[in-house]
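So the chains spell out like this:
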Amino acid sequence: MDYPVSVDDKGINLKPEKMEKEKLYHCIFKDKAILIFKDSQDVLNCYEIEEKDLVDKIRVCNNQEDLEKLFDDYLKSQNLKN
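Definitions and limits used
- Residues numbered from 1 in each chain as written.
- Predicted model: local features only at pLDDT ≥ 70, side-chain atom pairs only at ≥ 80, totals over all residues.
- Heavy atoms only, no water.
- Helix = DSSP H or I, 4+ residues; strand = E, 2+ residues; numbered from the N terminus.
- Expected span 1.5 Å × (residues − 1).
- Buried < 20%, exposed > 50% of the residue type's maximum accessible area, 1.4 Å probe, protein only.
- Arc of directions from axis to C-beta.
- Contact = heavy atoms within 4.5 Å.
- Polar contact = N/O pair within 3.5 Å; in protein donor to acceptor, adjacent residues only side chain to side chain.
- Pairing = 2+ DSSP bridges.
- Axes fitted to C-alpha atoms, helices over the stretch in contact; angles between N-to-C directions.

Turning our eyes to something else, we now look at helix α2 (residues 64-77). When the terminal C-alpha atoms of α2 are compared, their 20 Å separation across 14 residues agrees well with the 20 Å that a helix rising 1.5 Å per residue should span. Within the sequence span of α2, burial applies to Q64, L67, L70 and F71. The arc that holds the buried residues of α2, viewed along the axis, is 125°, so those residues lie on one side. Facing away from the buried surface of α2 by more than 90 degrees, the exposed residues are E65, K69, K76 and S77. Contact partners of the buried residues in α2: β3 (24-29), β4 (32-38), β5 (44-49) and α1 (52-59). The N-capping residue of α2, defined by a side-chain oxygen 3.1 Å from the backbone nitrogen of E65, is N63. Directly beyond the C-terminal end of α2, a positive phi value near 60° is found at N79.

Now the structure itself:
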């Protein structure tokens, strides 16, 4: 399956019809991490992360498991609950 999120000079391109529900997608655009999530009701949720250290860590994630582990670790280190 093609990754449903891509970036070009004009911005972020989404293919919501190719997104799985309850799965987190991401991309990097203009030194910001963009997180996209399609919920169980087909509503797209989008989050923007500007914190450079976190964006750099997201940038090197190679797969979904790495990304999820990064966020789990981040939430724990910030004493946040998911």
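We are not done yet, so read on.
Turning our attention to unusual backbone geometry. Positive phi is not limited to glycine here, since K30 has a value of about 50°. With phi around 65°, D42 is a residue other than glycine that occupies positive phi space. With respect to the helices, strands and loops of the structure, D42 is situated in the loop between β4 and β5. By relative accessible area, D42 is classed as partly exposed at 43%.

Another point: the sheet that holds β5. Read across the open sheet, the three strands follow the order β3-β4-β5; overall the sheet is antiparallel. Of all the strands in the sheet, just β3 and β5 have a single pairing partner and so form its edges. Direction aside, the axes of adjacent strands within the sheet are offset by 20° on average. Pairing between β3 and β4: six bridges, direction antiparallel.

Once that is clear, we can look at the environment of I36. With respect to the secondary-structure elements, I36 resides in strand β4. Taking relative accessible area as the criterion, I36 reaches 1% and is therefore assigned buried. The spacing of I36 and V5 is 31 residues in sequence and 8.5 Å in space, taken between C-alpha atoms. Leaving out residues up to four positions away in the same chain, I36 has contacts with V5, L14, M19, K23, L24, Y25, L44, N45 and C46.

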